[in-house]
Amino acid sequence: QVQLVESGGGVVQAGGSLRLSCAASGRALKIYNMAWFRQPPGKEREFVAAIKWVGDNTKYGDSVKGRFTISRDNAANIAYLQMNSLKPEDTAVYYCAATDAAYVLGTGSGDYRTWGQGTQVTVSS
């Protein structure tokens, strides 16, 4: 199966940028879609962005459109989340997720089977 490991989280000032990485590994990788979710303190997990592993389809949550960009490096089995113009409300644990059995580029947690451990992003004002 696929294992996911996020990295790149940290503390950044409001208005700054941060780039998260999600490295996928496994004996036989079968990734259809990959996504980023986040869970702010005291709130439920919410959709951030998703990308097809093959092709150029992407989706973004309304709160991050125009500021965040999801991308991938298929050869390296890495997905990225470039976060610009960060706001304090972006503070959350960010999770990488993937599925090997779905075609539709889902935006719900239930659309993804494999999850990373999460990486903390803190935006200070």
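Counting starts from 1 at the beginning of each chain's written sequence and moves along it residue by residue. Only residues with pLDDT of 70 or above have their local features reported here, since the model is predicted, and side-chain atom pairs are shown and tallied only from 80 upward, although totals for entire chains, interfaces and linings are computed over all residues. No hydrogens and no water enter the side-chain calculation; it runs on all heavy atoms of the structure.

## Observations regarding the overall build of the protein chain
We count it as follows: Working definition: helices are DSSP H or I runs of at least four residues, strands are E runs of at least two. Numbering for both runs from the N terminus. Radius of gyration here uses only the C-alpha atoms, and the compact-globule reference equals 2.2 Å multiplied by the residue count raised to the power 0.38. Remark: exposure states derive from per-residue accessible area (1.4 Å probe, protein chains only) relative to the maximum for the residue type, with buried under 20%, exposed over 50%, and partly exposed in between. The criterion used for residue contact is that any of the two residues' heavy atoms lie within 4.5 Å. Areas reported as accessible are Shrake-Rupley estimates using a 1.4 Å probe. Residue values count occlusion only from the protein chains shown. All tallies of charge rest on Lys and Arg as positive and Asp and Glu as negative; His and the ends of each chain are not included. Charge coordinates come from a single atom per side chain, which is NZ of Lys, CZ of Arg, CG of Asp or CD of Glu.
Across its full length, the protein chain holds zero helices and 11 strands. Its C-alpha atoms give the protein chain a radius of gyration of 13 Å, within 12% of the compact-globule value 14 Å for 125 residues. Taken over the C-alpha atoms alone, the protein chain extends approximately 45 × 25 × 25 Å along its principal axes. Residues classed as buried in the protein chain amount to 43% of the 125 residues present. Restricting to contacts in the protein chain with at least 6 residues of sequence separation, those with at least 24 account for 58%. Approximately 6400 Å² of the protein chain is accessible, and the part contributed by carbon and sulfur atoms is 47%. The distance from the centre of the 13 positive side-chain charges to the centre of the 10 negative ones in the protein chain is 3 Å.

## What to know about the pattern of salt bridges
Going by this rule: A pairing counts as a salt bridge when a side-chain nitrogen of Lys or Arg comes within 4 Å of a carboxyl oxygen of Asp or Glu.
This structure, assessed with the given rule, holds five salt bridges. The residue K65 makes a salt bridge to D62 at a minimum N-O spacing of 3.1 Å. The same class applies to K65 as to D62, namely exposed. The salt bridge partner of D100 is R113, with a shortest N-O separation of 4.0 Å. Highlighted residues: D100 in the loop between β9 (92-99) and β10 (114-115) and R113 in the loop between β9 and β10, separated in sequence by 13 residues. One continuous salt-bridge network, built from bridges that share partners, spans R38, E46, R67 and D90.

## With respect to the state of the cysteines
Note the cut-off: Our working definition of a disulfide is a cysteine sulfur pair at a distance within 2.5 Å.
The tally for this structure, following the rule as stated, stands at one disulfide. Note on cysteine connectivity: C22 is disulfide-linked to C96, with sulfurs 2.0 Å apart. Handedness here is read from the sign of the S-S torsion; for C22 and C96, about -80 degrees, the answer is left-handed. Pair noted here: C22 is in strand β3 (residues 18-25) and C96 is in strand β9, with a separation of 74 residues, a long-range link. In this structure C96 comes out as buried when scored by relative accessible area, which is 0%.

## Points about the pairing of strand β11 (residues 119-124)
Convention followed: When DSSP finds at least two bridges between two strands, those strands are taken to pair.
Only one face of β11 is buried: it carries T119, V121 and V123, and the other face, with Q120, T122 and S124, is open. Strand direction decides the pairing type here: strand β2 (residues 10-13) and β11, joined by four bridges, are parallel. From the neighbouring strand, V12 faces β11, where its bridge partner is V123. Sheet analysis places β9 next to β11, joined by three bridges and oriented antiparallel. Following the sheet pairing, A92 is matched in β11 by V121.

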